Amino acid sequence: MKLILRILLSALSVIILANVLPNVSVDTFMTAVIVAVVLSLLNFLVKPILVILTLPVTIVTFGLFLLIINAIIILLADKLINGFSVSNIWWALIFSLLLSFLQSIFFSLLNDDKS
């Protein structure tokens, strides 16, 4: 049940950011749910491979290259999903940062329900 809530909250974050950022668009809420699922799968499967392959660059940049890896994951999701578009890597970087921020707020609300 918690996994479904996390996916729905991620989809809500995607919808909010698509309405706020001018160069990011999502067609429907169902597309946002698909984006949330695909992003979680890409972060689980592809991101560790990219992190290992780019480890020297990541070390030299003191971890800042991980932000570019997150933007690449967003652009990969853009290519995989019809109805979701991000215009370039800079908007993907901004989208990634704001998505992470919104998700942390929403997921902290989920964890506060336990107390």
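Residues numbered from 1 in each chain as written. Predicted model: local features only at pLDDT ≥ 70, side-chain atom pairs only at ≥ 80, totals over all residues. Heavy atoms only, no water.

Let's shift gears to the UniProt feature "transmembrane region" (unreviewed entry) in the protein chain. Per the UniProt annotation, the sites labelled "transmembrane region" (unreviewed entry) are residues 28-46, 53-77 and 89-110. Between the first and last C-alpha atoms of residues 28-46 the distance is 26 Å; the span itself is 89% helix and 0% strand. Secondary structure across residues 89-110 comprises 100% helix and 0% strand; the distance between its end C-alpha atoms is 31 Å. (UniProt positions renumbered as here; feature names shortened; annotations may be inferred. Helix = DSSP H or I, 4+ residues; strand = E, 2+ residues; numbered from the N terminus.)

Scanning all chains against the criterion turns up one aromatic pair. With 5.8 Å between their ring centres and 50° between their planes, Phe-84 and Phe-95 make a pair best called tilted. Remark: Phe-95 occurs in helix α6 (residues 89-112) and Phe-84 occurs in strand β2 (residues 84-86); sequence separation between them is eleven residues. With respect to burial, Phe-84 and Phe-95 carry one shared label: buried. The side chain of Arg-6 reaches across the aromatic face of Phe-107, ending 3.9 Å from its centre. (Phe/Tyr/Trp six-rings, centres within 6.5 Å; stacked < 30°, edge-to-face > 60°. Buried < 20%, exposed > 50% of the residue type's maximum accessible area, 1.4 Å probe, protein only. Lys NZ or Arg CZ within 6 Å of the ring centre and 35° of its normal.)

Before going further, it helps to examine helix α1 (residues 2-20). With 19 residues, α1 ought to run about 27 Å at 1.5 Å a step, and its terminal C-alpha atoms sit 27 Å apart, in line with that. Taken together, the buried positions of α1 are Leu-9, Ser-10, Ala-11, Ser-13, Val-14, Leu-17 and Ala-18. (Expected span 1.5 Å × (residues − 1).)

Below, the discussion takes up the nonpolar core. The biggest cluster of nonpolar side chains holds 30 residues, and the ones touching the most others in it are Val-14, Val-24, Leu-39, Ile-74, Ala-77, Phe-84 and Phe-95. Contributing elements (two or more residues each) for this core: α1, β1 (24-26), α2 (29-45), α5 (65-80), β2 and α6. Sorting elements by how many residues they give to this core places α6 first, with eight residues. (Core = buried A, V, L, I, M, F, W, Y, C linked by side-chain atoms within 4.5 Å.)

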